[in-house]
Amino acid sequence: MEYVLIYILNGLYFTSFVFLTSLGLNIILGVMGILNLAHGALYAIGAFVAAWLIGSMFAGMSVLLILAGGLVAAIGIAGACGLLMEISFIRPMYNRTLEYQLLITFGAMLAVEGLIKMIWGGQSYYASAPFVSMGSIEIVGSVYPVYFIFAMVLSFATGFGLWLLLSKTRLGIMLRAISMDREMAQAMGIRIKWFNTLAFALGAGLAGLAGALIIPTTPATLGIGMDPLIRAFIVVVIGGLGSLRGALLGSLIVGETRSFGVAYFPEIELPLLFLVAVVILVVKPEGLFGSK
Amino acid sequence: MDEKRFNRRSLLKQMGLAGAGLTASGLAGATYKVRKATAAENRSIPKTPLKVAVVSFLSGPASGPFGIPGNNSFKICAEEINKQGGIAGRKIEMKSYDEAGGTDSQVKLARKLIMDDKVDIILGYISSADCKAILPLSDELGGLIFAYDCGTHVLMEKEKSPYDVPKYGLGFRTAAHLAIDNIALARYIQKHYPDVKKVAGINQDYAWGRDSWMIFERAIKKLLPHVEVVKTLWPQIYTKDYTAHISSLLSSGAEIVHSSMWGGDTVTFTKQAIGMGLFKKARMAMSRGEPYPQEVGEDFPENQIICCAGTHYFLYPPQDKWPLNKKFVADYHKAYGKYPPYPAYHAYQAIYAYKHAVEKAVSLVGGWPTKKEIAMAASGLSFETPSGILTIGKDHNAREDVLVGETKKVKSFDFPILEPENSSIFPAHEVNTPVGLRTVDWIDSWEA
């Protein structure tokens, strides 16, 4: 029993990453109606940029500074990649069917993976200085790394910032208007083309941030974005398409299910997650906060 | 194109005859003359270089810890062999291939290498799935294949003990299989921690992790029947967040935690486990932990039980007593700035096994040998390697002693090391499955 609080905390830590990854996927899906399979590859770009900068370029500098530099650079570069991706080959796909979108974004994923291999080679990149130097503190009788808490705070703060952006600013209101009714928004004079590019770049930047944030705890390797893509997809499906609240609750379910699953049912760590998703979809096919 | 197939029975018969002929040739010469006469026109040693294909992961998560060190070592060894005049006078022309891309594409590559490129030998494979799919091609296509690193214990085993050997006429594995590490860990625990009560396991959720744990659990339950397994965890391969697993291990009260994890997973797990204080409460027993103190660096915790996939360690056999290790370590460190991890030693074993087998066969048949004759010479071969003396069994699987020790920080290295004088060496017969037996049957037959 004494470990239950730590299990909850572990679950929250896992939640924070799934949440951050699903945010970008959700925005792109909500605003543009594009299911972006290349989201994992953008996550990988963030991871490699951060690992490369933190691990080699900035080595020896103040840890917080290099971490901030790595994170900002990852958001910027992943965002720029998203921008280019949208302009070049996502744009012609808007009026096509889902199959085209899946094909083109899957192709983009392979292309970006290839690009990563070309730039950084096939090797793993390690950059654990921020994780190590932040050390650990004691929480309810257990030792817990400070970096995990930092990552949680940053993820949830990003989510809160995004909520503010979408609900309180003019820009956000226009984005939501597009996600609710594209034709009507266009009729009202919103420049959909421009907003599509913006939403895609924003989503890509968020993927980059998620990838960069995990780097101090694990090396950047080829294929690093695959698993987060799958989990983010589960979150979007169970939380409801295009819903921020849904993304948060979906991530919580995924994170805590995993944490308690590993503790009590280790044999079915992964199937358990899918089982929960299936149950939710059977009971509420549109997702927890999705509209019918 | 040598498509002539031969089955096990005919091969055994031929091996028996030719083996007798080979060994007797020095004394009587009759068999030797007959063979020489029948194939006289093919026996001269070709002037062309030997085509050696090397296959290991050059990209992806398994490249850093295994594929690239293995490939590096192959290069160093090939250069050294060429510098010494090649193999029986023929220079090595080595070409490296990437093992990434899945088993299907590897099977295609192996077919191409044997059938189209007509390589003299393939040295390769880290993935057990690749080995299982590709070794049968050796006899099917008539190509020599030496698996150099893959670990599954079932590769050369058959369905039921006892079975006749070898499983593949032209297929070999020039390293011992995963059972040696896990049995050695169990023996080490029996020797040094006989009073341990609770053990746990954390292994990647696929054949490698499942097999490693299964062998360890069987062995430890035989050797220390009072031991209780309090937790078995199966993280997905390439997991990035082990917090849930680490808390679960902490709450289980395990004193020793077995793990066969590898690569970035081990580094990630170790760093997160340091952050969460696991090493203050439990001791890891890592079946293939040898590369990771060097990978992780000075943060790697002390007093962790580490196994070396044999006796593959840059400090063992001690360099002053075994010059071959000294030279190998120096050459590797000079070229790549690191001490060779165990896959580098495995690569040495593979390429030199081929060299010694060819040279033995050349000396016995008095000319350039066929692939079958090279295989016959390789079976039962013993030769010196940087890790000691390696023997290849009649089942075409190598047998190795095992070094198990505990990490210790010392002034002379910037990562914790295993001190050979404070480590345990388990001789081959204590940890390697006897020829013709299945590993699980062998362990089950131990007296408690």
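The shown structure was predicted, so the numbers you read here are calculated from the model rather than taken from an experiment.

Trainee: So, the overall build of chain B: which residues are in play, and what are the values?
Mentor: Assigned secondary structure in chain B consists of 16 helices and 16 strands. Relative to the compact-globule value of 22 Å for 448 residues, chain B shows a C-alpha radius of gyration of 22 Å, a close match. Counting only C-alpha atoms, chain B reaches 75 × 45 × 45 Å along its principal axes. Burial analysis of chain B (448 residues in total) assigns 54% to the buried set. At a minimum sequence separation of 6, the contacts of chain B that also span at least 24 residues come to 75%.

Trainee: An account of helix 4 (residues 103-116) of chain B is requested, with residue identities and associated values reported.
Mentor: Residue and element names in this part refer to chain B. Counted at 1.5 Å a residue, the expected span for helix 4 with its 14 residues is 20 Å, and the 19 Å between its end C-alpha atoms agrees. All of the buried residues in helix 4 are Q106, L109, A110, L113 and I114. Down the axis of helix 4, the smallest arc covering the buried residues is 125°, so these residues share one side. Residues of helix 4 that are exposed and point over 90 degrees away from its buried face: D104, K108 and D116. Looking at the buried side of helix 4, the elements it contacts are strand 1 (50-56), strand 2 (92-98), strand 3 (121-124) and helix 5 (128-141).

Trainee: How would you sum up the packing of helix 13 (residues 342-365) of chain B against helix 14 (residues 371-378) of chain B? Please name residues and give values.
Mentor: Residues and elements named next belong to chain B. Running from N to C, helix 13 and helix 14 point in directions that differ by 110°, and their axes come no closer than 8 Å. One way to sum up the angle between helix 13 and helix 14 is to call them roughly perpendicular. Where helix 13 abuts helix 14, its residues A353, A357, V358, K360, A361, L364 and V365 lie against E373, I374, A377 and A378. For the contact of helix 13 with helix 14, the class distribution of residues is 9 nonpolar, no polar and 2 charged.

Trainee: Describe the pairing of strand 2 (residues 142-145) of chain A, with residues and values.
Mentor: Two faces make up the sheet, and in a regular strand the side chains alternate between them. Residues and elements named next belong to chain A. With 4 bridges joining them, strand 1 (residues 136-139) and strand 2 adopt antiparallel strand pairing. Looking at the pairing, I139 lines up with S142 of strand 2. Where strand 1 hands over to strand 2, the hairpin turn is made up of 2 residues, of which V140 adopts a positive phi near 35°.

Trainee: So what's going on with the interface of chain A and chain B? Which residues, and what values?
Mentor: The interface is formed by 35 residues belonging to chain A together with 29 residues belonging to chain B. The set of elements that each furnish at least two residues to the side of chain A that touches chain B consists of helix 1 (4-32), helix 5 (129-134), strand 2, helix 11 (244-264) and helix 12 (269-283) of chain A. Considered class by class, the residues forming the side of chain A that touches chain B number 19 nonpolar, 11 polar and 5 charged.

Trainee: Just give me the short version of the sheet that holds strand 12 (residues 388-392) of chain B, but keep the residues and values in it.
Mentor: All names here are of chain B. Read across the sheet, 3 strands follow the order 11-12-13 without closing on themselves; strand pairing throughout is antiparallel. The strands lining the two open edges of the sheet, one partner per strand, are strand 11 (382-385) and strand 13 (398-399). Taken together, the 2 bridges between strand 12 and strand 13 define a ladder with antiparallel strand orientation. Bridging from a neighbouring strand, T391 pairs with R399 of strand 13.

Trainee: Tell me about the domain arrangement of chain B, residues and numbers included.
Mentor: Residue and element names in this part refer to chain B. Split by domain assignment, chain B resolves into domain 1 (8-177 + 325-399) and domain 2 (179-316 + 401-444). Computed over C-alpha atoms, the centres of domain 1 and domain 2 are 29 Å apart. Across the contact, 30 residues belong to domain 1 and 28 residues belong to domain 2. When the residues that make up the side of domain 1 that touches domain 2 are grouped by side-chain class, the tally is 14 nonpolar, 10 polar and 6 charged.

Trainee: Quick one: what's the story with the confidence of the model for chain B, residue by residue and with numbers?
Mentor: All names here are of chain B. Per-chain confidence: chain B averages 91 in pLDDT, with 90% of residues scoring 70 or above. Low pLDDT, under 50, characterises residues 1-34; the predicted model gives this stretch 24 contacts beyond four residues in sequence or across chains. Across the whole predicted complex the pTM is 0.88, and at the interface the ipTM reaches 0.88.

Trainee: So, the environment of L50 of chain B: which residues are in play, and what are the values?
Mentor: Residue and element names in this part refer to chain B. Of note, L50 is situated in strand 1. With 22 C-beta atoms counted inside 10 Å, the residue L50 sits in the buried group. Once residues within four sequence positions are removed from consideration, L50 is found in contact with I87, R90, I92, E93 and D120.

Trainee: Describe the sheet that holds strand 4 (residues 145-147) of chain B, listing the residues and the values that go with them.
Mentor: Residue and element names in this part refer to chain B. Pairing within the open sheet is parallel, and its 5 strands lie in the order 2-1-3-4-5. Both outer strands of the open sheet, strand 2 and strand 5 (171-173), are each paired with one neighbouring strand and no more. Taking each pair of neighbouring strands and ignoring which way they run, the sheet shows an average axis angle of 20°. As defined by bridge partners, strand 1 adjoins strand 3 across 4 bridges and the pair is classed as parallel.

Trainee: Would you mind going over the packing of helix 11 of chain A against helix 12 of chain A in detail, with residue names and values included?
Mentor: Residue and element names in this part refer to chain A. Between helix 11 and helix 12, the least distance of the axes is 9 Å, while the angle of their chain directions is 140°. With respect to each other, helix 11 and helix 12 are oriented oblique. Crossing hand, helix 11 versus helix 12: right-handed. Contacts from I253, V254, T257, R258, G261 and V262 of helix 11 reach helix 12 at E269, L272, L273 and V276. When its residues are assigned to classes, the contact of helix 11 with helix 12 shows 6 nonpolar, 2 polar and 2 charged.

Trainee: Describe the nonpolar core, naming the residues involved and giving the relevant values.
Mentor: Ranked by internal contacts, the top residues of the largest apolar core, which has 228 residues, are I45, A47 and A50 of chain A together with L123 and F146 of chain B. By residue number, the principal contributor to this core is helix 1 of chain A, which donates 17 residues. Here this core spans two domains, and each of domain 1 (8-177 + 325-399) and domain 2 (179-316 + 401-444) of chain B adds at least three residues to it. Other than its neighbours up to four places away in sequence, L123 of chain B contacts V52, V54, F74, F146, Y148, A350, I351 and Y354 of chain B.

Trainee: Talk me through the environment of L248 of chain A; I want residue IDs and the actual numbers.
Mentor: All names here are of chain A. In this structure, L248 sits in helix 11. What makes L248 buried here is the crowd of 21 C-beta atoms within 10 Å. C-alpha separation for the pair L248 and L20, spaced 228 residues apart in sequence, amounts to 9.1 Å. With residues near it in sequence (within four places) discarded, L248 still touches F19 and G159.

Trainee: Break down unusual backbone geometry for me, citing the residues and quoting the values.
Mentor: Residue and element names in this part refer to chain B. The amide bond that connects S161 to the next residue, P162, takes the cis arrangement and shows omega of -15°. Looking along the chain, the bond that leaves Y316 and enters P317 is cis, with omega of -10°. With respect to the helices, strands and loops of the structure, P317 is situated in the loop between strand 10 (305-307) and helix 12 (323-336). The phi dihedral of Y125 falls on the positive side, at around 85°, and the residue is not glycine. Position of Y125 among the secondary structure elements: in the loop between strand 3 and helix 5.

Here is what the cut-offs are and how they apply
Residues numbered from 1 in each chain as written. Chains lettered and ligands numbered in written order. Predicted model: local features only at pLDDT ≥ 70, side-chain atom pairs only at ≥ 80, totals over all residues. Helix = DSSP H or I, 4+ residues; strand = E, 2+ residues; numbered from the N terminus. Rg over C-alpha atoms; globule rule 2.2 N^0.38 Å. Buried ≥ 20, exposed ≤ 12 C-beta atoms within 10 Å, placed from the backbone. Contact = placed C-beta atoms within 7 Å. Expected span 1.5 Å × (residues − 1). Arc of directions from axis to C-beta. Axes fitted to C-alpha atoms, helices over the stretch in contact; angles between N-to-C directions. Parallel < 35°, antiparallel > 145°, perpendicular 65-115°, else oblique. Nonpolar A, V, L, I, M, F, W, Y, C, P; charged D, E, K, R; others polar. Pairing = 2+ DSSP bridges. Domains from an automatic or database assignment. pLDDT = per-residue confidence, 0-100. Left-handed = near helix turned anticlockwise from the far one by under 90°. Core = buried A, V, L, I, M, F, W, Y, C linked by C-beta atoms within 7 Å.

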